[in-house]
Structures are given as structure tokens and as C-alpha cells.
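Architecture at a glance
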Amino acid sequence: MTIINIAMFVFILVLEFLLLPTPVQKILSTGIYLVAAIAGIIIGGLVSKIYMLRKKINAEQLALKQKEKNIQIYLTNVVHDLRSPVASINMISELLVEEVTDIDPLYSELIHSVKKSSKMMLDRICCILDNAEAEQKCTFEEMVFENPYPIIKAAVNKHHVLAIDKNIELILDISPEIAPVFFNKEALDSVFSNLISNAIKYSLPNTRVKIIANQKNNCTVFSVKDQGLGMSGDDLSKVFGRFAKLSARPTGKEDSSGVGLSIVKTMVERMNGKVVALSDGKGLGSTFSVSLSKTPKSRLMTA
């Protein structure tokens, strides 16, 4: 029904109302007033309930965020307290391996096992603490509008040795003159370091990892594509969860703390960006795409 038809319908109703006898008009007017009053009371009650529910939901969300923050601080403190004793165990085991040689082969095997396990634990602890420190340091009170290529290039260079060890070709297919975007330098370095490291960890030897960029509306989308183990639908649903354990395991027995991708998501969102994970299934590789804006937001998010 068009606006003209609606106007004509209302005009006819008003005209018919005016043509009615005065007593009938009074009765209808009283009825209309009563209906309007009742409707107003009902609508007012519903609006009030919606307001109270929204207020309650906001309060619960704030409480949940604070609880999650407290849990993260507690876990970080626990991990920090574990670093010193684990480092001591690792150091002692290394000394025993180097200095104590004339012992029973069984004891020698146990010492090597302690050394290997303590080294793995220490690496995991350091990884968790480094990521937590990077997350806390990046306050995002100021972001730069610059060409991100130098930051991405540096992150790639840091992982060339790890790629060479697994005979993985690491390809940076991004123009050095790529358009500037808004980002925090420390955060962007941490984001790409985590994504590239993960791509290498979950890729088989003799494959390749490629970093590309595409322009999309007011954003630049940076993607890290691998030919690795891929992810199932269940993996994709929880891949950015803190301490998430996926079905695939690192192909070179590397350590995985399960916190890197959750920190990637946090940092990208604080830069007013978006990160998504894609995979066609197990054994078909994975792609992690980070979208960063080429236009400023009305306000910058802070930690």
C-alpha cells in the first residue's frame, strides 16, 4: 500500500467519523481514548522491562569481562612463578648431561628425558609470558597511519630459520609500496609473528607458507596461507579461544601453548580490525586473514 493510498484511507475514516451523529462520535472518542491509554500502559511496561533487561545484561557482561581479566592475571602470575624452578631444573639437567658421563645408561636416559621435558616446559612458559607482556604493553592509545610492509617484512625475516629447518618456503607476496593502514607497531609485529610461526608449526616439510594482501573497500586484508594440516569445523569454532587445543598437532614436535591465536584476535580487534580463520578441511591447509582499516575510526579503543 502506497503513502497516497494510506492517506486516502485515513481521510475516508475521518470523513466517516465526522458524518456520524454526535452521541456516536462521543462514544467512539471515549473508546479510542481508553484503548490508547491501555496501549500506552502496556507499551510503557514493555519498554521499562526491556530497559531493565538491557541494564542487567550490560552489568553481567562487565562482570564477566572483569572475571576473565582476573583469571588471566592469576594464570599469568602462576606461570611466572613456575619459570624460575623450571629454569633451575633445566639448568641442572644440562649440567648433568655435560659433566656426568660415566653413569648407568638408564640414568643417562632419565637425565636426558628431564632435560628435554624441562626445556619444553620452559619454552612454553616463556611463550605465554612473552605474549602476555606484549598484550599488556600495547595500550593502543595511539595508532600510526603508515605502510605496514616493514613490520611484516621483519616478522617474516625472524622466521626464516624455522622455515628452513623444515624445508618450508616462506613467501612474502606484498608490495613494499602497499597503501598505509592504521595499526600499533608492537601489536602488528606480534600478530604476524604468531600467525607465521603457527603456519610453519602446522605445515609439513617441503610445503610453502605465503603472505599476501588484498584491498577491500576501506580495508586491507592480509592473509597468511599455508599448505598444512588444515582444520575441521570444530577446530574453526574454537581456534581463537584461549588455551584452545585443536585436533592437529605441530608437525615437527614444536611446542604450542594455545594462547597465541587468542592474543592475535584481541590485538587485531583493539586495532579496530578483524581476524578470521578459513580451512577447507583436514589436510587442506589453513588461511588466517587480518583486515585493517585505511580510514580512522571515531575513537580508538584502549586496553
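Everything here concerns the structure above.
The next point concerns the overall build of the protein chain. Broken down by element type, the protein chain carries 8 helices and 7 strands. Buried residues in the protein chain amount to 34% of all 303 residues. In the protein chain, the proportion of contacts linking residues at least 24 apart, taken out of those at least 6 apart, comes to 74%. On the protein chain, roughly 19200 Å² of surface is accessible, and the fraction owed to carbon and sulfur atoms is 62%.

Another point: unusual backbone geometry. One non-glycine residue, N206, adopts positive backbone phi at about 65°. Note on placement: N206 falls in the loop between α6 (185–201) and β4 (208–216). Phi is positive for N272, close to 60°, though the residue is something other than glycine. On the secondary structure map, N272 appears in the loop between α8 (260–270) and β6 (274–278).

What follows covers the packing of helix α4 (residues 149–158) against α6. Where α4 meets α6, the axes come as close as 9 Å, and the angle between the chain directions of the two elements is 40°. Relative to α6, the element α4 is oriented oblique. Along this stretch, α4 crosses α6, giving a crossing that reads as right-handed. From α4, I151, I152, A155, V156 and K158 reach across to α6, where they touch K185, L188, D189, F192, S193 and I196. When its residues are assigned to classes, the contact of α4 with α6 shows 7 nonpolar, 1 polar and 3 charged.

On to the side chain of S291, then. Within the element layout of this structure, S291 appears in strand β7 (residues 287–293). A relative accessible area of 19% means that S291 is categorised as buried.

According to the stated counting rule, one finds 5 salt bridges in the structure shown. Taking the shortest distance from any N to any O, the salt bridge between K185 and E146 comes out at 3.6 Å. In this pair, K185 is assigned in helix α6 and E146 in strand β1 (residues 144–146), connecting sequence segments 39 residues apart. The class of K185 is partly exposed, set by a relative accessible area of 41%. The salt bridge partner of K210 is D173, with a shortest N-O separation of 3.7 Å.

Moving on: α8. Since there are 3.6 residues in each turn of an α-helix, residues three or four apart along the chain are aligned in direction. In terms of residue burial, α8 counts as a mostly covered element, since 8 of its 11 residues are buried. Within α8, the full set of buried residues consists of G260, L261, S262, I263, V264, M267, V268 and R270. Taken from the residues just after α8, N272 is the one with a positive phi, measuring 60°.

So, on to the sheet that holds β4. As summarised here, the arrangement of the 5 strands in space is β2-β4-β5-β7-β6, forming an open sheet in which the pairing is mixed. Each end of this open sheet is capped by a strand with a single partner; those strands are β2 (169–173) and β6. Each adjacent strand pair in this sheet contributes to an overall mean axis angle of 15°, direction not counted. Taken together, the 5 bridges between β6 and β7 define a ladder with antiparallel strand orientation. Considered in β7, the bridge of V276 is made with S289. Strand contacts of α4: β2, β4 and β5 (219–226), with the helix running at about 175° to β2, the strand carrying the most contacts. Contacting β2, β4, β5 and β7, α6 crosses the sheet at an angle of about 25° to β5.

One finds V191, F192 and I211 to be the most contacted residues of the largest nonpolar core, which totals 40 residues. Of all the secondary structure elements, the ones that give two or more residues to this core are α4, β3 (181–183), α6, β4, β5, α8, β6 and β7. At 8 residues, the largest contribution of residues to this core is made by α6. Among residues more than four places away in sequence, those in contact with F192 are I152, A155, I211, F222 and V224. Core analysis: the second largest hydrophobic core is formed by 6 residues, V79, I125, I128 and L129 among them.

On to the packing of aromatic side chains. Following the criterion strictly, the structure yields 3 aromatic pairs and no others. Look at F145 and F182: their rings are 4.6 Å apart centre to centre, the planes differ by 35°, and that puts the pair in the tilted class. Here F145, found in strand β1, pairs with F182, found in strand β3; they are 37 residues apart in sequence, far enough to count as distant.

Cut-off values and rules
- Residues numbered from 1 in each chain as written.
- Predicted model: local features only at pLDDT ≥ 70, side-chain atom pairs only at ≥ 80, totals over all residues.
- Heavy atoms only, no water.
- Helix = DSSP H or I, 4+ residues; strand = E, 2+ residues; numbered from the N terminus.
- Buried < 20%, exposed > 50% of the residue type's maximum accessible area, 1.4 Å probe, protein only.
- Contact = heavy atoms within 4.5 Å.
- Areas by Shrake-Rupley, 256 points an atom, 1.4 Å probe, with all protein chains shown as cover.
- Axes fitted to C-alpha atoms, helices over the stretch in contact; angles between N-to-C directions.
- Parallel < 35°, antiparallel > 145°, perpendicular 65-115°, else oblique.
- Left-handed = near helix turned anticlockwise from the far one by under 90°.
- Nonpolar A, V, L, I, M, F, W, Y, C, P; charged D, E, K, R; others polar.
- Salt bridge = Lys/Arg side-chain N within 4 Å of Asp/Glu carboxyl O.
- Pairing = 2+ DSSP bridges.
- Core = buried A, V, L, I, M, F, W, Y, C linked by side-chain atoms within 4.5 Å.
- Phe/Tyr/Trp six-rings, centres within 6.5 Å; stacked < 30°, edge-to-face > 60°.

In short, shape yes, function no, at least from these values alone.
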